[in-house]
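Residue-level listing of the chains:
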Amino acid sequence: MVTIGPAVTNTESRGYLIACSPVKPKSGVTFALAVLVAINILNFYDRNVSGALVEPMRKEFHLTDTAVGWLGTAFTLLYAVVGVPLGRIADTRSRKGLLAVGVLVWSALTAMAGFATSYFMVMVSRLGCAVGEAVAAPTATSWIGDLFPASKRSRALALFMLGVPVGGAFSYYFSGRIAQSYGWRTAMVIAALPALLLLPALLLLEEPKRGASEEKPLAPQTQSTWSVLRIPTLWWIIVSGALLNFNMYAIGTFLPAFLSRVHGLSLSGSGFATGNVYLIGGLAGGISAGIFGDRIIRTRPNGRLLLAAIIAIAAAPFSYFGLIQPVGSVTAAVILMTVAYAGLNTYYGLVYSSIQDIVVPGLRGTTMAIYFMVMYLGGASLGPLLTGGLSDLMAHRAAAAAGSPVITEAFRAVGLQQAMLVIPMLSVILSLVLFAGSRTLVADIKRRDLAMQAPA
């Protein structure tokens, strides 16, 4: 039986709550990270499955791109709101129990979409999925922060965040093919099945003590939950997260549709091409972030954010030229978008590890939940909705310019292509925000170190 009760009330000599058990040896740490990575892969498989199946759902329920965008926006709005209390629970109760319940909930609600007979039922299933998935990031990143010291966290967190591209890639690879052969409802049900294997593996893990990986003795936790909002660098990181996730959710929701409408790919073909963008670009970006993030931190405390800023601005021209390729130039479009996606995906390993550097261990889950709430409300929730709305607007303008009273698929292709040009524009702004964050990071690390010092 899974419970989410108090972990242990004994504060020991350091004043921290502990979770369930002593720190595991290295082999146990490796297995724990592997399970958490696998759970995150399922997390993003199930999150992206609606994007992979946009076109058959849109046509069956006669949806506009704005309505399609609302599926992603409603998901992220609820995800953001429920994430903060769940993040606080992750800092005070059993992370294993909380994560197990989250996996169960989001998988069950993903499968529910397989029985949907209306747009409303699809929406309800996505909202339920959002509640379950809101558990994953605060819980798992807090857990990983207690498994690995600061000098190794970029690689560990970058590996964990490979769940974003790998899970997305698998969703696009398999969901489109399954839907083309057996229908999109079957693809939804199959997306939930891996939870049957991952839940038992999760329940075998033992949690580390909170603060177990810190290299210095820790003082009792005295900071309030909302004290993290007084950290200047965190605000720059939150804004950067909103910008990044606007782009990532716009890509996740509309890239398969873009490839189908503009370049004429089938449902299976667009899913396979999008999967390549996610898998190749995501792995390249995530692995590079882990390697170079842990190297640069040895010589520059703010090096991770500086590197993230440089890569973000370098990604902008690749996404621009990928999106404006002429009809039929699908190979060039996919290659350019893969490079752009690789650049954007370095963000996770570089920036998430920077969050761990400026926050005391006892507030990491809460901080991640606050970060996710603001960035999802301000970025991810707007990405699908505004991109979809802009697509509809541009499609109407294209039809009006051609003197057509009907919005054909050709006009929808023009509208979507123009709307997605917002992605390179925001990548440039993202770079500037990350650079600003790098200017305040060193001072915030020093403040955190002072707060963590145990009395002599």
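This is a predicted model, so every value here is computed, not measured.

Undergrad: Just checking my understanding: could you explain the overall build of the protein for this structure?
TA: When helices and strands are counted, the protein shows 18 helices and zero strands. Burial analysis of the protein (456 residues in total) assigns 60% to the buried set. Of the roughly 17000 Å² that the protein leaves accessible, carbon and sulfur atoms contribute 70%.

Undergrad: So what exactly am I meant to see when it comes to the pattern of salt bridges here?
TA: Oppositely charged side chains are able to pair whenever their charged atoms sit close together. A complete count under the given rule lists 13 salt bridges for this structure. Linking R261 and D65 is a salt bridge whose minimum nitrogen-to-oxygen distance equals 2.7 Å. Residue R261 is found in helix α11 (residues 232-263), and its partner D65 is found in helix α3 (residues 65-92); the two are separated by 196 residues along the sequence. What makes R261 buried here is its relative accessible area of 12%. Linking D146 and R95 is a salt bridge whose minimum nitrogen-to-oxygen distance equals 2.9 Å. In this pair, D146 is assigned in helix α6 (residues 136-147) and R95 in helix α4 (residues 95-112), connecting sequence segments 51 residues apart. Since its relative accessible area comes to 0%, R95 is described here as buried. If you follow the salt bridges from partner to partner, you end up with E55, R58, D65, R261 and E409 in one network.

Undergrad: Even after reading the chapter, I still don't get unusual backbone geometry, so can you show me in this structure?
TA: It is generally the case that most residues other than glycine have a negative phi and that most peptide bonds are trans. Even without being a glycine, H62 presents a positive backbone phi close to 55 degrees. Topologically, H62 is positioned in the loop between α2 (54-61) and α3. With a relative accessible area of 70%, H62 lands in the exposed category.

Undergrad: What should I look at first to understand a nonpolar patch on the surface in this one?
TA: On the surface, a nonpolar cluster with roughly 320 Å² of combined accessible area is contributed by W70, L77, V81 and L377. Of all the elements, α3 adds the most residues to the nonpolar patch, at three residues. Secondary-structure assignment places V81 in helix α3.

Undergrad: Help me out: how do you make sense of the environment of P194 in this one?
TA: Within the element layout of this structure, P194 appears in the loop between α9 (184-192) and α10 (195-203). Judged by relative accessible area, which is 35%, P194 ranks as partly exposed. Sequence spacing of P194 and S107 is 87 residues, and the spatial spacing of their C-alpha atoms is 8.6 Å.

Undergrad: Hey, could you run me through the environment of P138 in this one?
TA: Among the structural elements, P138 can be located in helix α6. Judged by relative accessible area, which is 2%, P138 ranks as buried. Sequence separation of P138 and R88 is 50 residues, and the distance between their C-alpha atoms is 8.7 Å. For P138, the residues in contact, after removing those within four places along its chain, are G87, A90, G365, M368 and A369.

Undergrad: Just to check I follow, could you spell out the side chain of S354 for this structure?
TA: On the secondary structure map, S354 appears in helix α14 (residues 330-358). By relative accessible area, which is 0% here, S354 ends up buried. Excluding anything up to four places from it in sequence, S354 contacts I237, R304, L305 and L441.

Undergrad: Would you take a moment to explain α6 for this structure?
TA: Given 3.6 residues per helical turn, the α-helix brings residues three or four places apart onto the same face. The terminal C-alpha atoms of α6 lie 16 Å apart, and with 12 residues this matches the ideal 16 Å at 1.5 Å per residue to within 8%. Across the 12 residues of α6, 12 count as buried, placing the element largely inside the fold. Those residues of α6 that fall on the buried side of the exposure criterion are A136, A137, P138, T139, A140, T141, S142, W143, I144, G145, D146 and L147.

Undergrad: Any chance you could explain the packing of aromatic side chains here in plain terms?
TA: Centre-to-centre distance and the angle between the planes together describe a pair of aromatic rings. For the structure on display, the rule yields 12 aromatic pairs. Ring geometry for Y348 and Y352: centres 5.6 Å apart, planes at 85 degrees, overall edge-to-face. Remark: Y352 and Y348 occur in helix α14; sequence separation between them is four residues, near one turn of the helix. Each member of the pair Y348 and Y352 is classed as buried. Three or more aromatic residues joined by ring pairs make a cluster, and in this case those are F170, Y173, F174 and F272.

Undergrad: How should the confidence of the model for the protein be read in this particular structure?
TA: Detailed conclusions should not be drawn from predicted coordinates in areas where pLDDT is low. Looking at the protein as a whole, the pLDDT averages 84, with 89% of positions reaching at least 70. Put simply, helix α15 (residues 364-380) is where the protein has its lowest mean pLDDT, 78, and helix α13 (residues 303-323) is where it has its highest, 95. Note that residues 1-25 has pLDDT below 50 and, in this model, 64 contacts with residues that lie over four places away or in other chains.

Undergrad: Could you clarify how one ought to interpret the packing of α4 against α9 in this entry?
TA: Packed helices, taken two at a time, are described by the angle their axes make and the gap between the axes. For the pair α4 and α9, the least separation of the axes is 7 Å and the interaxial angle reads 165 degrees. Here α9 runs roughly antiparallel to α4, going by the angle between their axes. α9 is crossed by α4, and the crossing has left-handed handedness. For the pair formed by α4 and α9, the contact residues are S107, T110 and A111 on the first element and M188, V189, A191 and A192 on the second.

Undergrad: Just to check I follow, could you spell out the nonpolar core for this structure?
TA: Generally speaking, soluble globular proteins have nonpolar side chains that are buried together. Ranked by internal contacts, the top residues of the largest apolar core, which has 130 residues, are W184, Y347, Y352, Y371, F372 and L434. When residues in this core are grouped by element, the largest group, 17 residues, is from α11.

Undergrad: Could you clarify how one ought to interpret the packing of α11 against helix α12 (residues 267-296) in this entry?
TA: Direction vectors running N to C along α11 and α12 enclose 140 degrees, while the axes themselves pass 8 Å from each other. Our pair here, α11 against α12, has a crossing hand that is right-handed. For the pair formed by α11 and α12, the contact residues are M248, I251, G252, L255, P256, L259 and S260 on the first element and S270, A273, T274, V277 and Y278 on the second. For the contact of α11 with α12, the class distribution of residues is eight nonpolar, four polar and no charged.

Calculation notes
Residues numbered from 1 in each chain as written. Predicted model: local features only at pLDDT ≥ 70, side-chain atom pairs only at ≥ 80, totals over all residues. Heavy atoms only, no water. Helix = DSSP H or I, 4+ residues; strand = E, 2+ residues; numbered from the N terminus. Buried < 20%, exposed > 50% of the residue type's maximum accessible area, 1.4 Å probe, protein only. Areas by Shrake-Rupley, 256 points an atom, 1.4 Å probe, with all protein chains shown as cover. Salt bridge = Lys/Arg side-chain N within 4 Å of Asp/Glu carboxyl O. Patch = residues over 30% accessible without salt bridge, like charges linked within 9 Å, V, L, I, M, F, W, Y side chains within 5 Å. Contact = heavy atoms within 4.5 Å. Expected span 1.5 Å × (residues − 1). Phe/Tyr/Trp six-rings, centres within 6.5 Å; stacked < 30°, edge-to-face > 60°. pLDDT = per-residue confidence, 0-100. Axes fitted to C-alpha atoms, helices over the stretch in contact; angles between N-to-C directions. Parallel < 35°, antiparallel > 145°, perpendicular 65-115°, else oblique. Left-handed = near helix turned anticlockwise from the far one by under 90°. Core = buried A, V, L, I, M, F, W, Y, C linked by side-chain atoms within 4.5 Å. Nonpolar A, V, L, I, M, F, W, Y, C, P; charged D, E, K, R; others polar.

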